[in-house]
Amino acid sequence: MKELIVILMSAVLVDNYVLNKFLGICPFLGVSKKSDQAVGMGVSVIFVMLVATAATWPIQTYLLNPNGLGYLQTIVFILVIAALVQFVEIFLKKFIPALHKSLGVYLPLITTNCAVLGVTINNITDEYNFIQSMVSSLGCGLGFLLAMWLFAGVRNRLEESDAPECFKGMPITLVAASIVSVAFMGFGGIIDKLFA
Amino acid sequence: MKKLGILLKGIIKENPVLVLLLGTCPALATTTGVISALAMGVAATAVLICSNIVISALRKAIPDKVRIPCYIVVIAGFVSVVQMLMQAYFPDLYDMLGVYLALIVVNCIILGRAEMFARKNGIIDSALDGIGMGLGFTLALVLMGSIREVIGAGTWAGIELTAIKPYAVSIMTAAPGGFLVFGCLIALVNKVLSGKKANKELSCAGCPNAALCNKENCETEAKEENK
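Counting from 1, residues in each chain are numbered in the order their sequence is written. The order in which chains are written sets their letters, starting at A; the order in which ligands are written sets their numbers, starting at 1. Only residues with pLDDT of at least 70 get local features here, since the model is predicted, and only at 80 or more are side-chain atom pairs given and counted; chain-wide, interface and lining totals rely on the full set of residues. As a rule here, side-chain values cover all heavy atoms of the structure and leave hydrogens and water aside.

Draft legend 1. Geometry of the overall build of chain B. Put simply, DSSP H or I for four residues or longer makes a helix, DSSP E for two residues or longer makes a strand, and each gets a number counted from the N terminus. The secondary structure content of chain B amounts to ten helices and two strands. The helix and strand sequence of chain B, counted from the amino end, reads α-α-α-α-α-α-α-α-β-β-α-α. Relative to its full complement of 227 residues, chain B shows a buried share of 50%. The contact definition used throughout considers only heavy atoms, calling two residues in contact when any of these lie within 4.5 Å. When contacts within chain B are restricted to residue pairs at least 6 apart in sequence, those whose partners lie at least 24 apart make up 74%. Accessible surface computed for chain B: about 10400 Å², of which carbon and sulfur atoms make up 68%. Under the scheme applied here, a residue whose accessible area is under 20% of the maximum for its type counts as buried, over 50% as exposed, and between as partly exposed, the area being computed with a 1.4 Å probe on protein chains only. All accessibility values rest on the Shrake-Rupley procedure with a 1.4 Å probe; residue burial counts only the protein chains present in the view.

Draft legend 2. Highlighting the environment of B:K120. Residues and elements named next belong to chain B. Position of K120 relative to the elements: it lies in the loop between helix 7 (108–118) and helix 8 (123–153). Excluding its chain neighbours within four sequence positions, the residues that come into contact with K120 are R59 and E115. Whenever a nitrogen or oxygen atom comes within 3.5 Å of another N or O atom, the pair is scored as a polar contact, on the condition that within protein one atom can donate a hydrogen and the other can accept it, and that pairs from neighbouring residues in sequence are kept only if both atoms are in side chains. There is a polar contact of 3.4 Å between the side chain of K120 and the backbone oxygen of M116.

Draft legend 3. Spotlight on the confidence of the model for chain A. Chain-level statistics for chain A give a pLDDT mean of 84 and a share of 98% at 70 or above. A score between 0 and 100, pLDDT records how confident the predictor is in each residue. Helix 8 (residues 130–160) of chain A holds the highest mean pLDDT among the elements of chain A, 90, whereas helix 10 (residues 190–195) of chain A holds the lowest, 72.

Draft legend 4. The confidence of the model for chain B, seen in detail. Residue and element names in this part refer to chain B. Considering every residue of chain B, the mean pLDDT works out to 81; 85% of them sit at 70 or more. When pLDDT is averaged over each helix and strand of chain B, the minimum, 45, is found for helix 10 (residues 215–226) and the maximum, 92, for helix 3 (residues 34–57). Long-range and interchain partners of residues 211–227, a stretch whose pLDDT sits below 50, account for 14 contacts in this model, where long-range means more than four residues apart. For this predicted complex, the interface confidence score (ipTM) comes to 0.84, while the overall pTM stands at 0.84.

Draft legend 5. The arrangement of a nonpolar patch on the surface in detail. Residues and elements named next belong to chain A. A patch consists of residues exposed above 30% relative accessible area that lack any salt bridge, with like charges linked at up to 9 Å and nonpolar side chains (Val, Leu, Ile, Met, Phe, Trp, Tyr) linked at up to 5 Å. Here, a salt bridge means any Lys or Arg side-chain nitrogen found within 4 Å of an Asp or Glu carboxyl oxygen. On the surface, a nonpolar cluster with roughly 510 Å² of combined accessible area is contributed by F87, F91, F95, I96 and L99. Considering each element in turn, the nonpolar patch owes the most residues, three residues, to helix 4 (residues 73–95). Mapped onto the elements of the fold, L99 is located in helix 5 (residues 97–103).

Draft legend 6. Broad picture of the interface of chain A and chain B. In this assembly, 44 residues from chain A lie in contact with 46 residues from chain B. Between chain A and chain B, a total of about 3900 Å² is buried, with carbon and sulfur atoms accounting for 73% of that surface. Computed with a 1.4 Å rolling probe, the buried area is the accessible surface lost when two parts are put together, summed over both parts. Broken down residue by residue, the surface that chain A buries against chain B is led by A:F22, A:T112 and A:L174, which jointly contribute 17%. Our enumeration of links across chain A and chain B arrives at zero salt bridges. Remark: the boundary between chain A and chain B carries four residue pairs in polar contact (both at pLDDT 80 or more). It is helix 9 (residues 170–185) of chain A that contributes the most residues to the side of chain A that touches chain B, nine residues altogether. By the convention adopted, Pro, Cys, Tyr, Trp, Phe, Met, Ile, Leu, Val and Ala count as nonpolar, Lys, Arg, Asp and Glu as charged, and the other residues, Gly among them, as polar. A per-class count over the side of chain A that touches chain B returns 26 nonpolar, twelve polar and six charged.

Draft legend 7. The arrangement of the side chain of A:T173 in detail. Of note, A:T173 is situated in helix 9. Leaving out residues up to four positions away in the same chain, A:T173 has contacts with A:L29, A:F151, A:R155 and A:L158.

Draft legend 8. Structural context of the pattern of salt bridges. All names here are of chain B. Taken as a whole and judged by the stated rule, the model has six salt bridges over all chains. R67 is the salt-bridge partner of D64, the closest N and O atoms lying 3.3 Å from each other. Note on D64: relative accessible area 52%, which makes it exposed. Between R119 and E115 there is a salt bridge; the shortest N-O distance is 3.6 Å.

Draft legend 9. View of the packing of aromatic side chains. Residue and element names in this part refer to chain A. Think of it this way: a Phe, Tyr or Trp ring, Trp meaning its six-membered ring, pairs with another when their centres are within 6.5 Å, and the plane angle makes it stacked under 30 degrees, edge-to-face over 60, tilted otherwise. Scanning the entire structure with this criterion turns up six aromatic pairs over all chains. Ring geometry for F91 versus F95: centroids 5.1 Å apart, planes at 45°, classification tilted. Taken together, the positions of F91 and F95, both in helix 4 and four residues apart, correspond to about one turn of that helix. Judged by relative accessible area, which is 57%, F95 ranks as exposed. Connected via pairs of aromatic rings, a cluster forms that spans W57, Y62 and F130.

Draft legend 10. Examining unusual backbone geometry more closely. All names here are of chain A. Although it is not a glycine, F22 sits at a positive phi angle of roughly 55°. Following the sequence through the fold, F22 ends up in the loop between helix 1 (2–14) and helix 2 (25–30). Positive phi is not limited to glycine here, since E127 has a value of about 55°. Within the secondary structure, E127 is located in the loop between helix 7 (114–125) and helix 8. Judged by its relative accessible area of 68%, E127 is exposed.

Structure, rendered in structure tokens:
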């Protein structure tokens, strides 16, 4: 149990996918203008990460590895994720239209989100078992949501700021992201200290 | 002359990283040093050239409706080839790049060039476009890697610079430095290119997902921006 908490907390705070590992930067910069959009995107990413891990971990462990097909990982994973996202979208549209209405617009964008492919590959590389993989995916997703949500707040302020002409738009946003990232560096030692 | 233009436009005028703002993930993650930045640039360039050629050659055979999945399969195939070659001949670099090597599959530059250039142009033009864009990507990465390594570690490609070494600011090689250097470089490019306004925001036009993504959403977003 303690091990799972460590995996979860370090994925959310210390090894934050956006601010520390630079995965999923495109949606982080693109969809973080308004906090409700940012939260919608974050929730969709958590959902897809969990579904993708639940699908790719058994495929790697029971299908690819025993047959010596480990090298097909990249191709198989991206296809599984793309197909899965399409399937989830159709399923939601048909059976839970309310949820589809709020998450649907973000789903197609997630297919080529590097955070989702990254988390599935990282789970295999770190040799996590199934439960650990699911927990780590949940943690990464939560970390993504947290970063998106915090940054949407920062960005609100940034819109009104008086930046130099050439810094307006993306450059000043990146500089702000750098400062938020410094804040997250502060969590560095927390895991060892808390659970040692 | 036209061919030269296709080759050169990727390097400065339409630099994929600094002007089009594509492929930001590897640009931030692998530029902690010059060597890893160069390795990432070369690997992505190889995939980009090969996938551009194949997609251009197959452009009449791929049905329009399923083109994005087809492109992803072609790209994923070449990424696997590059991964295996690198693991066999450059195991150090393979370890250094880690997961980011596999993530070339979802690099917006490669899918974006397939969608925006290769499917409309001939094989030779597409190959030249791939070389130009790849060079632009590699140069931007090496530039960022140099700045971060020199300021952050006091070395360049592993060579120690004795004059700077004692004053190294190690945060530049950590995550925040990546965002900071990238932001400042884009600002510099904006300053130099001012007059010819580059698209400063991530817009639907530059996004390779635009075809996949709900069109209404893009349109409403565009409308909101115009207000």
